[in-house]
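Topology and contacts: notes
So the chains spell out like this:
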Amino acid sequence: MATVTLKDIAPAAQNNINTQFILLDKEEKLTVERRNKTCLALVADETAAVHFELWGGECEALQPGDIIRLSNGIFSFNRNNLVLRAGKRGKAEKVGEFTMAFVETPNISEIRWVRDPNSNKFVQESVISPYSRIFPPKP
C-alpha cells in the first residue's frame, strides 16, 4: 500500500488515498447526515493540513493528538467543502499519539481547484486562505 503526503492529494471521485496524519482539532458539534453523526476535524502531516470528516463513533473515539492511518480514503466535495474522509470503502484507524511532525499551512481544503481540460483531473488554481477558516490558528 503506497502512501501519499497531504500536499500531494487532489480532489477525485475515487477511494484511493492512503496516508497518515495527526488530528489537531475537531468541531464539538455533531451533524446528523443520513442518520449518521459526522464532525469536521483539522488534520496535518509534515507537508500540509486538510479538513477531515469523521463519521459515527469516530467523532467520539478520535481525539486531538491521535495519529491516524487512512486507507482507501477520498478527497472530494461534501456540502460545498473539500474534505478528506474514509467514505464507505475506506478505513480510518488510530495508530499512535502525539509523536508526529506537522505543519498547518498550506491547508489543502482552502485551495480553489479547477478541472484541467487536457487531463480531466483537478489542478490547483488559487489559494483561498493559507490557514483553515474553520479552525483558525491559535495564538
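Before reading further, recall that the structure is shown in the block above.
One structure accompanies this document, and this report is about it. (Residues numbered from 1 in each chain as written. Predicted model: local features only at pLDDT ≥ 70, side-chain atom pairs only at ≥ 80, totals over all residues. Heavy atoms only, no water.)

**A closer look at the environment of T19**
Note the threshold: What counts as a helix is a DSSP run of H or I of at least four residues, what counts as a strand is a run of E of at least two, and both are numbered from the N terminus. Here's how the labels work: a residue is buried when its accessible area is under 20% of the maximum for its type, exposed when over 50%, partly exposed in between, all with a 1.4 Å probe on protein chains only. Contacts: residue pairs with any heavy atoms within 4.5 Å of one another. Under this definition, polar contacts are N or O atom pairs within 3.5 Å; protein pairs additionally need one hydrogen-donor-capable and one acceptor-capable atom, and for neighbouring residues in sequence, both atoms have to be side-chain atoms.
Along the chain, T19 turns up in strand 1 (residues 17-26). Under the relative-accessibility criterion, T19 is labelled buried at 2%. Spatially, the C-alpha atom of T19 lies 8.3 Å from that of G73, the residues being 54 residues apart in sequence. If sequence neighbours within four positions are ignored, T19 has contacts with T3, V4, T5, L6, D45, I68, R69, L70 and L84. Only 2.7 Å separates the side chain of T19 from the backbone oxygen of V4, close enough to count as a polar contact.

**Structural notes on the environment of K37**
Relative to the helices and strands, K37 resides in strand 3 (residues 36-44). Polar contacts involving the side chain of K37 include one to the side chain of E60, which spans 3.1 Å.

**Details of the pairing of strand 4 (residues 49-55)**
Put simply, the test is: A strand pair is defined by DSSP finding two or more bridges across the two strands.
Burial runs high along strand 4: six of the seven residues are buried. By the bridge criterion, seven bridges tie strand 3 to strand 4 in an arrangement that is antiparallel. Bridging across to strand 4, L42 finds its partner in H51. What sits between the antiparallel neighbours strand 3 and strand 4 is a turn of four residues. Here two bridges tie strand 4 to strand 6 (residues 81-85), and the two strands are oriented parallel to one another. By the bridge assignment for strand 6, E53 is matched with R85.

**Quick word on the environment of A12**
The topology assignment puts A12 in the segment before strand 1. A12 gets classed as partly exposed once you look at its relative accessible area, which sits at 29%. Separated by 62 residues in the primary sequence, A12 and I74 place their C-alpha atoms 7.1 Å from one another. Once you skip the residues sitting within four places of it in the chain, A12 turns out to touch I74, F75 and S76.

**Focus on the pattern of salt bridges**
So the rule is basically this: The salt bridge criterion pairs a side-chain nitrogen of Lys or Arg with a carboxyl oxygen of Asp or Glu, the two atoms within 4 Å.
For the structure on display, the rule yields six salt bridges. In this structure, K94 and D66 form a salt bridge, with 3.3 Å as the shortest nitrogen-oxygen distance. One end of the pair, K94, is in strand 7 (residues 91-97); the other, D66, is in strand 5 (residues 66-78), with 28 residues separating them in the sequence. The class of D66 is buried, set by a relative accessible area of 4%.

Fair warning: the whole summary comes from geometry, so function is off the table for now.
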